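Structural overview for review
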Amino acid sequence: MKNWRFPFTDYDFYAYLAIGLVILVFLGYAITGCTTDIIDDWSYRQIAFAVVIAYMVEQINAGTATVVVDTILFRNSAGIVA
């Protein structure tokens, strides 16, 4: 899957999808009061939309984690000034 138009490997792509779906499931579970009734009658469009949103959520999560871990934790603990 990696080529000049899509910079991620298959493993990156599916890892983003998997973790993004886990985050969405936990958020949906927490928001609805611990019920799973919300996804009983989803159409194919809603499922495709959820997959796209899951990928986007994990991209945001990965970007935030990069900033927190690399910039704040490691550079500050190593004494490197940005």
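First things first, this report covers the structure right here in the doc. (Residues numbered from 1 in each chain as written. Predicted model: local features only at pLDDT ≥ 70, side-chain atom pairs only at ≥ 80, totals over all residues. Heavy atoms only, no water.)

A few points about the overall build of the chain
On a plain count of helices and strands, the chain comes out with two helices and zero strands. Burial status across the chain gives 11% buried among its 82 residues. Contacts in the chain between residues at least 24 apart in sequence constitute 65% of all its contacts with a sequence separation of at least 6. As presented, the chain carries roughly 6700 Å² of accessible surface, and 69% of it is formed by carbon and sulfur atoms. (Helix = DSSP H or I, 4+ residues; strand = E, 2+ residues; numbered from the N terminus. Buried < 20%, exposed > 50% of the residue type's maximum accessible area, 1.4 Å probe, protein only. Contact = heavy atoms within 4.5 Å. Areas by Shrake-Rupley, 256 points an atom, 1.4 Å probe, with all protein chains shown as cover.)

As for the packing of aromatic side chains
Taken as a whole, this structure holds one aromatic pair when the rule is applied. Measuring from centroid to centroid gives 5.8 Å for Tyr 16 and Tyr 55, while their planes differ by 90°, and the two rings are edge-to-face. Taken together, the residues Tyr 16 in helix α1 (residues 10–31) and Tyr 55 in helix α2 (residues 44–78) connect sequence positions 39 residues apart. Tyr 16 gets classed as buried once you look at its relative accessible area, which sits at 19%. (Phe/Tyr/Trp six-rings, centres within 6.5 Å; stacked < 30°, edge-to-face > 60°.)

Examining a nonpolar patch on the surface
A cluster of nonpolar residues, Val 67, Val 68, Val 69, Ile 72, Leu 73 and Phe 74, forms a patch on the protein surface that exposes about 510 Å² of accessible area. For Leu 73, the position within the fold is in helix α2. Using a relative accessible area of 48% as the deciding quantity, one classes Leu 73 as partly exposed. (Patch = residues over 30% accessible without salt bridge, like charges linked within 9 Å, V, L, I, M, F, W, Y side chains within 5 Å. Salt bridge = Lys/Arg side-chain N within 4 Å of Asp/Glu carboxyl O.)

Remarks on the nonpolar core
With five residues, the main nonpolar core is built from Phe 13, Tyr 16, Leu 17, Tyr 55 and Ala 62. Secondary-structure elements contributing two or more residues to this core are α1 and α2. Per-element accounting of this core gives the leading share, three residues, to α1. Other than its neighbours up to four places away in sequence, Leu 17 contacts Val 51, Ala 54 and Tyr 55. (Core = buried A, V, L, I, M, F, W, Y, C linked by side-chain atoms within 4.5 Å.)

Examining the environment of Val 52
Summarising the element assignment, Val 52 is placed in helix α2. Taking the C-alpha atoms as reference points, Val 52 and Leu 21, separated by 31 residues in sequence, lie 9.6 Å from one another.

Here we look at α1
Helix length check: α1 (22 residues) gives 31 Å between terminal C-alpha atoms against 32 Å at 1.5 Å per residue, within 8%. Looking one or two residues past α1, Gly 33 carries a phi angle of roughly 80°, positive in sign. (Expected span 1.5 Å × (residues − 1).)

The values reported here are purely geometric and, on their own, carry no functional implication.
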